[in-house]
Amino acid sequence: MNLVSDFHRDRIRSVLAASRLMPVITIKHLDDAVPLCQALFDGGIRVMEITLRTEHGVEAIKQVREALPDAWVGAGTVTCVDQYRKAETAGAQFVVTPGVTKALLDFALTSEAPLLPGVSTASELLLGYGLGYREFKFFPAEVAGGPRALKAFGGPFPDAVFCPTGGVRRETAKDYLALGNVLTVGGSWLTPEDVVARKDWAQVTEIARASLSDIS
Ligand SMILES: O=C(O)C(=O)C[C@H](O)[C@H](O)COP(=O)(O)O
């Protein structure tokens, strides 16, 4: 049976250690991808999760990887193996899924790009755990129990760490980051739709800077 490799675990740990905030980015206009991510980078964000929710996701990953060689660029909202392959080909350095299937967990073990699998229950955690996964996304964090659920997971899964995402806000990020099993929190609040729509990149930088300062 294949297990998560040391290379994959080191990569995911490096990604989670690089930034305590992980923006979940959805690209509606391809031209926004590089300036938006540059603005986040300028505000101190070192990890970008670009979702495949729009037709531009894959190309955006390609462009941002070229433009920002010092950032970690991953693919988010990957829900099937076909998308995983596309993200990998585009150069995604890691992949995030909202949930787990056996097919995704198995495919990830063979991929260049390691997986941060999304879980919200102990049973899903066990699926990943058996394959050697120890780093997880916790989704949808707020409705799946928030910090109290993560504290509870710490009992049976003392060596698992999480990136809670889904309903986390600038005001609540701190509550999660105070937990020993949370390295990073993710969210779309770092890239508000209206700010992106008016291409106010200075404001994106400011939100990133202020959000990082709130949790420091
Ligand atoms: O796309 C994925 O892979 C997901 O799992 C969902 C996202 O992480 C959340 O939708 C972000 O949540 P908000 O910050 O509440 O907008």
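Above this note sits the structure.
The text that follows walks through the structure, step by step, so that each part is easy to find. (Residues numbered from 1 in each chain as written. Predicted model: local features only at pLDDT ≥ 70, side-chain atom pairs only at ≥ 80, totals over all residues. Heavy atoms only, no water.)

### Side note on the site of the ligand
Worth spelling out the cut-off: Near, as used in this document, describes a residue that has one of its heavy atoms within 4 Å of the molecule or strand being considered. Each polar contact in these results corresponds to two N or O atoms within 3.5 Å; when the atoms are within protein, one needs to be able to donate a hydrogen and the other to accept it, and residues that are neighboring in sequence are counted only if both atoms are side-chain atoms. Accessibility throughout is a Shrake-Rupley quantity obtained with a 1.4 Å probe, and a residue counts as covered only by protein chains that appear here. We place a 1 Å grid over just the protein atoms. Points where a 1.4 Å probe fits but has no way out form a cavity, open points with protein on both sides within 12 Å along at least 5 of 7 lines form a pocket, and any residue with an atom within 4 Å of a point lines it. Put plainly, a molecule is in a cavity or pocket when over half of its atoms are within 2 Å of the grid points there. Nonpolar residues are Ala, Val, Leu, Ile, Met, Phe, Trp, Tyr, Cys and Pro. Charged residues are Asp, Glu, Lys and Arg, and all others, Gly as well, are polar.
If you check the shell around the ligand, you find 13 residues, and the closest are Arg53, Thr77, Lys137, Gly167 and Ser188. Lys137 places a side-chain nitrogen or oxygen 2.8 Å from an oxygen atom of the ligand. Protein chains shield 87% of the accessible area of the ligand, which is 410 Å² for the free molecule. Comparing atom positions with the cavity grids shows the ligand to sit within the largest pocket. Broken down by class, the residue content of the shell around the ligand amounts to 3 nonpolar, 6 polar and 4 charged.

### With respect to helix H6 (residues 122-129)
Stated formally: The rule is simple: take the accessible area with a 1.4 Å probe, protein chains only, and divide by the maximum for that residue type; under 20% is buried, over 50% is exposed, in between is partly exposed. By the criteria applied, helices consist of DSSP H or I runs no shorter than four residues and strands consist of E runs no shorter than two, each listed in order from the N terminus. Here the arc refers to the set of directions running from the helix axis out to each C-beta atom. Here a residue-residue contact requires only that any non-hydrogen atoms of the pair lie within 4.5 Å.
When H6 is considered as a whole, its buried residues turn out to be Leu125, Gly128 and Tyr129. Looking straight down H6, one finds its buried side chains confined to an arc of 100°; they lie on one side. Opposite the buried face of H6, at more than 90 degrees from it, the exposed residues are Ser123 and Leu126. Here the buried face of H6 lies against helix H5 (102-110), strand S6 (118-119), strand S7 (135-138), helix H7 (146-153) and strand S8 (161-164).

### Considering the sheet that holds strand S3 (residues 72-76)
Each strand in a sheet pairs with another by means of backbone hydrogen bonds, the pair being arranged parallel or else antiparallel. Stated precisely, the cut-off is as follows: A strand pair is defined by DSSP finding two or more bridges across the two strands.
Reading across from one edge, S5-S4-S3-S2-S1-S9 is the order of the 6 strands in this open sheet, with parallel pairing throughout. Strand pairing shows two members of the sheet lacking a second neighbour, strand S5 (115-116) and strand S9 (185-187), which therefore form its edges. Bridging between S3 and strand S4 (residues 94-96) involves 2 bridges; their strand directions are parallel. Note that in S4 the partner of Ala75 across the bridge is Val95.

### Comments concerning the pairing of S8
For clarity, the threshold we go by: Seen with the strands pointing away from the viewer, any crossover whose path from the first strand over the helix to the second strand runs clockwise is right-handed.
Side chains of S8 alternate between two faces, with Val161 and Cys163 and Phe162 and Pro164 buried alike. For the crossover from S7 across H7 to S8, the handedness is right-handed.

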